[in-house]
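Below, each chain spelled out in residue letters.
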Amino acid sequence: MKRVLALLVFASFVFVPVAMAQAPAPTEPLSASLKALYDGVKRNIVETADLLSEDLYGFKPTPEVMSAGEMLGHVVNSAYSTCARVKGEKNPNDGNDFQKSPTKAVITKAAADVFAYCDAVYGGMTDKVALEPIQMPTAAAPPAAGQKPAPAPPIKARLLVSMISHTNEHYGNLVTYMRLKGMVPPSTARSQKQMKR
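Residues numbered from 1 in each chain as written. Predicted model: local features only at pLDDT ≥ 70, side-chain atom pairs only at ≥ 80, totals over all residues. Heavy atoms only, no water.

Novice: Tell me about the overall build of the chain, and name the residues and values.
Specialist: Per the secondary structure count, the chain includes seven helices and zero strands. For the chain, the α and β elements follow one another from N to C terminus as α-α-α-α-α-α-α. In the chain, buried positions account for 31% of the 197 residues. Considering only residue pairs separated by 6 or more positions, the chain has 72% of its internal contacts joining residues 24 or more positions apart. Of the accessible surface of the chain, which amounts to about 12300 Å², a share of 62% is contributed by carbon and sulfur atoms. (Helix = DSSP H or I, 4+ residues; strand = E, 2+ residues; numbered from the N terminus. Buried < 20%, exposed > 50% of the residue type's maximum accessible area, 1.4 Å probe, protein only. Contact = heavy atoms within 4.5 Å. Areas by Shrake-Rupley, 256 points an atom, 1.4 Å probe, with all protein chains shown as cover.)

Novice: Lay out the nonpolar core with the relevant residues and their values.
Specialist: The biggest cluster of nonpolar side chains holds 41 residues, and the ones touching the most others in it are L52, L72, C118, Y122, M163 and L174. Elements supplying a minimum of two residues to this core: α2 (29-51), α3 (68-87), α4 (104-123) and α6 (156-180). When residues of this core are assigned to their parent elements, the largest contribution, ten residues, is made by α3. With residues near it in sequence (within four places) discarded, L72 still touches I45, A49, L52, Y57, I107 and L174. (Core = buried A, V, L, I, M, F, W, Y, C linked by side-chain atoms within 4.5 Å.)

Novice: I'd like a rundown of α4, residues and numbers included.
Specialist: For an α-helix, the turn length of 3.6 residues means that residues three or four places apart are oriented alike. The end-to-end C-alpha distance of α4, which contains 20 residues, comes to 27 Å, matching closely the 28 Å that a straight helix rising 1.5 Å per residue would cover. Taking the largest bend as the criterion, α4 deviates by roughly 25°, centred on Y117. Taken together, the buried positions of α4 are I107, A110, A111, V114, F115, Y117, C118, V121 and Y122. Close packing links the buried residues of α4 with α2, α3 and α6. (Expected span 1.5 Å × (residues − 1). Bend = angle between axes of the 7 residues up to and from the residue.)

Novice: Would you mind going over the packing of aromatic side chains in detail, with residue names and values included?
Specialist: As enumerated under the stated definition, the model contains four aromatic pairs in all. For the ring pair Y38 and Y122, a centre distance of 4.0 Å and an interplane angle of 5° mean the geometry is stacked. One end of the pair, Y38, is in helix α2; the other, Y122, is in helix α4, and 84 residues separate them in sequence. Across this residue pair, the class does not change: Y38 and Y122 are buried. Among the aromatic residues, ring-to-ring pairing joins Y38, F115 and Y122 into one connected group. (Phe/Tyr/Trp six-rings, centres within 6.5 Å; stacked < 30°, edge-to-face > 60°.)

Novice: Tell me about the packing of α3 against α6, and name the residues and values.
Specialist: Direction vectors running N to C along α3 and α6 enclose 175°, while the axes themselves pass 10 Å from each other. Considering the angle they form, α3 stands roughly antiparallel to α6. Contacts from A68, M71, L72, H74, V75, S78, A79, T82, C83, R85 and V86 in α3 reach K156, L159, L160, M163, H166, T167, H170, N173, L174 and Y177 in α6. Of the residues assigned to the contact of α3 with α6, the class counts are twelve nonpolar, seven polar and two charged. (Axes fitted to C-alpha atoms, helices over the stretch in contact; angles between N-to-C directions. Parallel < 35°, antiparallel > 145°, perpendicular 65-115°, else oblique. Nonpolar A, V, L, I, M, F, W, Y, C, P; charged D, E, K, R; others polar.)

Below, the structure written as structure tokens:
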């Protein structure tokens, strides 16, 4: 028994450090995490846009809510706006409103285009850049006497997290739409496929 215990203790000193050395920590943990989360939600939206038939683009569970196509268009508009702000450039989608033209052909192309645009943002991000403040278009005037100073501009990571969160919220809405139509959402289909392996 003592011999087995001694071997286990010895093994823990030899093999655990070796195993830990084989899995180095990422050098850019914040930006790597943002990219992984973005890739997941991007995949869900692109696959949903492809999966829905043209007639489902007009589907609304109740009259008060956005149709599936309008929701996808809203996600595209928002992603363009956020990624342009993080890049510090004019929104290349300025003047277009994909929420108002929610056909399958328009939305699937727009989703591919916006994610290609945002890929450069998330893919080229570093932790240092993620912690930089967003450049505001104009300098704010100093506060008048007795007024509180304006809040500091948000850091880039905050906007990137907000975009991921916002897109996930709407993917959740779209999951409900798909379930109401008897469809299996893309994320669930992938999970089921992996469980069968």
